[in-house]
Amino acid sequence: MSKNFIATYVFSATCLCLIVLFFVKLPINPYPDFDNAMRYTRAEVCQSDLQTCQSTSDYTEINLPHFTTPTREPGLRSVTYRLYFDRLNTSSDLQGVFLPKYSDFPNLVLNGERVSPFGNVYDRKNGQLPRLWSRPFYTNFSPNFVKPKDNILEIELSAHNYGRLSLYPVYIGDSFRLRIAHQFRQVLRMGFQRLFFAMTITVGAIFLGLWFIRRHEKEYLWLSLANLSAVVFCLHYLFPDLPVPDHLRTVVWAIAVQAYIYAFYHYSLCIIGMTIKPLTRLFSVFCLLTSFALLLVPTEYLADALALYFGLTGLWALLVPALFLKYRPQAKLVNGLHFVVFIIVLACGAVDYLYYFWAPKRIPFQLAHFAPLLMFVAASALIALRLVVSVNAMERLQLSMQKTIEEKAGEISQYEKQKAVNAERQRLMLDLHDGVGGQLVNTIAYMNQTAKVDHVVKTSLEDALRDIALIIDSLEGNDSLDMLLGALRNRLEPLMQPGNIDLIWQVHDTPFLGEEAASENLNVIRLVQEAVTNAVKHANPKTITIRSDERAIHIIDDGQGFDIDKVAKKSGTNSGIGLRGIRRRTEELGATCDIKTGPDGTHIHLFWPEDKAL
Amino acid sequence: MVVSKPKLSVQSLQSVLIVEDRAYTAQSLQKEINKNAALHVVGTASDVATGLAMLQKYKPRFVLTDLGLPDGSGVEIVRAVKATDWPCDCMVISIFGDENRVLEAIRAGAKGFILKGDNLHDIGEHILEIARGGSPMSPKIARILLKLVGPDRNTHRSEASRQLTTRELDVLQLLAKGFKRKEIAQHLEISIGTVGTHINHIYEKLGVRSNVEAIALAVSENIISNGS
């Protein structure tokens, strides 16, 4: 075990001590004064039953709460307290007595008359007294029995088990007020105990069900086992007269408490997602050995054995919060919650431990019966948290799925649209090919066969054919400039044949005009086509060179050149339109076109400025 | 009309069937083909039905077919030619040699395409050259094929691209950029014949080996990706 873990353990222990101290020193008086009632903290005690304690000399004065010295062996034991009181002047005639806390079986006698309702229904001799230590007692006095002054109330407490008898402050006074106090106390002790018991059973069943559904999540199994243990050790709250031998009952109760802690140890391992095998093995062996030893311990040593048993088990139990503190720090909320709950639960247990085995007078409250409630809260919080987490995850998943579906639906509709557009394009292209294209080819073929050929008409038809090719290009969509130029070359070749012109192709790099630059690219192609057509028609060149790099395209011919000014002014002729077309396209492209022409030929230099991102 | 028995020798007269619906175009083709000493046109059909009938009747060595015919597609002729039991090569007549369906026809079994555009000089020689194995590949067809094999998510394409060697891909790229065989040979420092072999291999690998329908579909998908 690492030093780090030991430090965490020590820290947990410190927290536990602080909380225990807080509970013990809590500035709340559990036995406050009531209106219309007297609180008696002084009494006389006789360490025997009522019949034996008849003489005043048997009694000694004590303060309440009072505890007898614990006995080591079971057997019927009794203690009798004697209280003197005067009748209180209250609005109601009816007066009563309220014992908020005592141990164990009470028998009350007022001025020599029995007032406790139990009567002699229990066989005291044979140890069949019910254990009423956890419930308050109340009874009212018949107005005839209460004298104005010097009433004597004798409280005989008996038990058939080992341990101590005890009496806490006694209230005598207005029956209405005391009955309410009694009921409140009953809710606080028995009510809660029963509620928690029911919760424990219910939650245990729920966890067992959860485990059946999700077998891989062992934490549910351990939680249900913990609840089962809790059911066992909470049974004595509900059934004060279980006919089980006292020794065995106590041992089973103690083992159930240990099993509860053992189950939570495993639960914590499940939650932090670790298996600390050596530690677990050690804990298991410890539990088995100590429980077995407890079964064998003679009754007279049972109390000491229990003190040791619970003390050592408590030290192991401190592992649980320490584990939560040490491991899986990323799940801060879950671990923090577990740490706090376990420390508080352990503190409740520790308070009760101190009450039983150390100094009952110093412990104002017993809190152990709150432990199942806290566990219930923690487990519910865990499940709620998990639910929230999984619901969130599901919602996120649903959202992302919805988004994906929307995206895909969008893509599909886009695809369908595109498909329709493409189908239409294909149809148009085929129509151009087979219809207009075929017609033009046929006409040209016809003209080739006739003797008289109008060259203007023929050239126009050939131009038209090339235009159709360009239109088809534009219909086919985006392409890189080099590919489009490649296609153009194929179509320009026939134009070169009649004049035996060499088309020199030096296209390696081409300007990149952007991903979505279909119209720009087409503009460049049209420009090149116009430049080449112009050269073929008017310059009578031997060679035409197309050259390109990343920033420029050159169309160079070695023809006779032309007068730029004159051509530019000539409107209505092909050449004028050609030059104007080149200028216009250059502007649209955001490029610069430098045209140099002379008797040695023409050089059209189309280039993009440096700062334009290409 | 005398039908010479098909012989593979270039010297002997080899028969040609033309399937073309435009009369003057067909006449021009016939005239130019007949100028070649090795070839003679045995018939011209103006639709698919007549073309198929003439194919069986004349059993020509070569068939030239237009694709857009009044009663159907020239691809039907291509398939019929491929199924003949005598040596017969089919070529497609195209205006620009760059349509998708030209490629489709080549995949269906056409040996190549003949341009019917504005210049029909040496058309006979073209036919014989194609018969010898020098399939032409226009830049646009190269481009379409390149997209077919290009590095893409589509499995059809990546499968297709695995079929081509790096050299064949280089050739295909240069073809798409408009370079001629001679220029490609110079650029890659190989012989023109080797370039021709590469082109034939590309056609074979992308045409014959794959399912025609699947590729036709992939081609149409390409067109879609072009536009998007």
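Structural data are supplied above this passage.
Let me sum up the structure you'll find in this document. (Residues numbered from 1 in each chain as written. Chains lettered and ligands numbered in written order. Predicted model: local features only at pLDDT ≥ 70, side-chain atom pairs only at ≥ 80, totals over all residues. Heavy atoms only, no water.)

### Considerations on the overall build of chain A
- When you go through chain A residue by residue, the secondary structure sums to 14 helices and 18 strands.
- Classification of the 614 residues of chain A by burial places 49% in the buried group.
- By sequence separation, contacts in chain A at least 24 residues apart represent 75% of the contacts at least 6 residues apart.
- Carbon and sulfur atoms make up 61% of the accessible area of chain A, which amounts to about 30,700 Å² in all. (Helix = DSSP H or I, 4+ residues; strand = E, 2+ residues; numbered from the N terminus. Buried < 20%, exposed > 50% of the residue type's maximum accessible area, 1.4 Å probe, protein only. Contact = heavy atoms within 4.5 Å. Areas by Shrake-Rupley, 256 points an atom, 1.4 Å probe, with all protein chains shown as cover.)

### Side note on the side chain of S15(B)
Residues and elements named next belong to chain B.
- With respect to the secondary-structure elements, S15 resides in strand 1 (residues 14-19).
- Taking relative accessible area as the criterion, S15 reaches 2% and is therefore assigned buried.
- At a separation of 3.0 Å, a polar atom in the side chain of S15 contacts the main-chain amide nitrogen of R61.
- Beyond its immediate sequence surroundings of up to four residues, S15 is in contact with H40, V42, K59, P60, R61 and F62. (Polar contact = N/O pair within 3.5 Å; in protein donor to acceptor, adjacent residues only side chain to side chain.)

### Here's the deal with the nonpolar core
- Grouped together as the largest cluster of nonpolar side chains are 87 residues, with contacts concentrated most on F264(A), Y265(A), Y267(A), F283(A), L294(A) and L323(A).
- The element contributing the most residues to this core is helix 4 (residues 246-272) of chain A, with 14 residues.
- A domain split of this core shows at least three residues from each of domain 1 (3-25 + 187-387) and domain 2 (37-185) of chain A.
- Counting 84 residues, the second-largest nonpolar core is a separate cluster that includes L485(A), I582(A), W608(A) and I77(B). (Core = buried A, V, L, I, M, F, W, Y, C linked by side-chain atoms within 4.5 Å. Domains from an automatic or database assignment.)

### Let's talk about the state of the cysteines
- Within this structure, the stated rule accounts for 1 disulfide over all chains.
- The disulfide partner of C46(A) is C53(A), and the gap between their sulfur atoms is 1.8 Å. Negative torsions about the S-S bond denote left-handed disulfides, and the value of about -70° found for C46(A) with C53(A) makes this one left-handed.
- On the accessibility criterion, C46(A) (6% relative accessible area) is buried.
- Summary of cysteine pairing: C90(B) is not part of a disulfide, and the nearest cysteine sulfur, belonging to C88(B), is at 6.9 Å. (Disulfide = S-S within 2.5 Å.)

### Digging into the interface of chain A and chain B
- Taken together, the contacts link 42 residues of chain A with 37 residues of chain B.
- Of the roughly 3,700 Å² buried between chain A and chain B, counting both surfaces, carbon and sulfur atoms make up 51%.
- With a shortest N-O distance of 3.7 Å, K177(B) and D482(A) are connected by a salt bridge.
- At the junction of chain A with chain B, the criterion picks out 7 residue pairs in polar contact (both at pLDDT 80 or more).
- For the side of chain A that touches chain B, the secondary structure elements donating two or more residues are helix 9 (371-449), helix 10 (455-475), helix 11 (481-496) and strand 14 (502-507) of chain A.
- Considering each element in turn, the side of chain A that touches chain B owes the most residues, 19 residues, to helix 9 of chain A.
- Per-class residue counts for the side of chain A that touches chain B are 13 nonpolar, 17 polar and 12 charged. (Buried area = accessible area lost by both parts, 1.4 Å probe. Salt bridge = Lys/Arg side-chain N within 4 Å of Asp/Glu carboxyl O. Nonpolar A, V, L, I, M, F, W, Y, C, P; charged D, E, K, R; others polar.)

### Digging into the pairing of strand 1 of chain B
Residue and element names in this part refer to chain B.
- Burial of strand 1 is extensive: 6 of the 6 residues sit out of reach of the surface.
- Relative to strand 2 (residues 39-45), strand 1 runs parallel, the two being bridged by 6 bridges. Each residue of the ladder has a partner; that of V16, found in strand 2, is V41.
- As for the winding sense of the linkage, the β-α-β connection from strand 1 through helix 1 (residues 23-35) to strand 2 is right-handed.
- As judged from the 4 bridges shared by strand 1 and strand 3 (residues 62-66), these two strands associate in the parallel manner. By the bridge assignment, L17 is partnered in strand 3 with V63. (Pairing = 2+ DSSP bridges. Right-handed = clockwise from strand over helix to strand, strands pointing away.)

### Let's talk about the pairing of strand 6 (residues 95-99) of chain A
Residue and element names in this part refer to chain A.
- The element strand 6 is largely enclosed, with a buried count of 5 among its 5 residues.
- Alternating positions in strand 6 separate into two faces, Q95, V97 and L99 on one and G96 and F98 on the other, with burial throughout.
- Of the pairings in the sheet, the one linking strand 6 to strand 10 (residues 137-141) comprises 5 bridges and is antiparallel in character. Bridge assignment links L99 to a residue of strand 10, and that residue is F137.
- Where strand 6 and strand 13 (residues 170-174) come together, 4 bridges link them in antiparallel fashion.

### Quick notes on helix 1 of chain B
- In this model, helix 1 of chain B (13 residues) spans 18 Å end to end at C-alpha, consistent with the 18 Å of a helix rising 1.5 Å per residue.
- Within helix 1 of chain B, burial applies to T25(B), A26(B), S28(B), L29(B), E32(B) and I33(B). Down the axis of helix 1 of chain B, the smallest arc covering the buried residues is 160°, so these residues share one side.
- Looking at the packing, one finds that the buried side of helix 1 of chain B touches helix 9 of chain A together with strand 1, strand 2, strand 3, strand 6 (89-94) and helix 5 (123-132) of chain B. (Expected span 1.5 Å × (residues − 1). Arc of directions from axis to C-beta.)

### Overview of the pattern of salt bridges
Residues and elements named next belong to chain A.
- Scanning all chains against the criterion turns up 19 salt bridges over all chains.
- In this structure, the salt-bridge partner of R82 is E154, at a minimum N-O distance of 3.0 Å. Of this pair, R82 sits in strand 5 (residues 77-85) while E154 sits in strand 11 (residues 151-159); the two residues are 72 residues apart in sequence, bridging distant segments of the chain.
- For E154, a relative accessible area of 9% gives the class buried.
- Here R466 ties to D463 by a salt bridge, and the two come within 2.9 Å at their closest N and O atoms. Here R466 and its partner D463 are both found in helix 10, 3 residues apart, which amounts to about one turn of the helix.

### Here we look at the sheet that holds strand 2 (residues 42-46) of chain A
Residues and elements named next belong to chain A.
- Strands sit in the order 3-2-5-11-8-9 across an open sheet of 6 strands; the sheet is antiparallel. Sheet topology places strand 3 (60-63) and strand 9 (113-114) at the edges, where each strand pairs with a single neighbour.
- In terms of strand pairing, strand 5 meets strand 11 through 9 bridges, oriented antiparallel. Counted as the bridge partner of L83 is L153 from strand 11.

### Quick notes on the sheet that holds strand 14 of chain A
Residues and elements named next belong to chain A.
- Spatially, 14-15-16-18-17 is the arrangement adopted by the 5 strands of the open sheet, whose pairing is mixed. The open sheet is flanked by strand 14 and strand 17 (592-598), the only strands paired with a single partner. Ignoring strand direction, the axes of neighbouring strands in this sheet form an average angle of 10°.
- Both strand 16 (residues 552-557) and strand 18 (residues 601-607) contribute to a ladder of 6 bridges, which runs antiparallel. When the bridges of strand 18 are listed, H554 appears paired with H605.
- Against the sheet, helix 12 (residues 518-539) engages strand 15 (543-548), strand 16 and strand 18, with an angle of about 10° to strand 16. (Axes fitted to C-alpha atoms, helices over the stretch in contact; angles between N-to-C directions.)

Nothing here speaks to function; it is all geometry.
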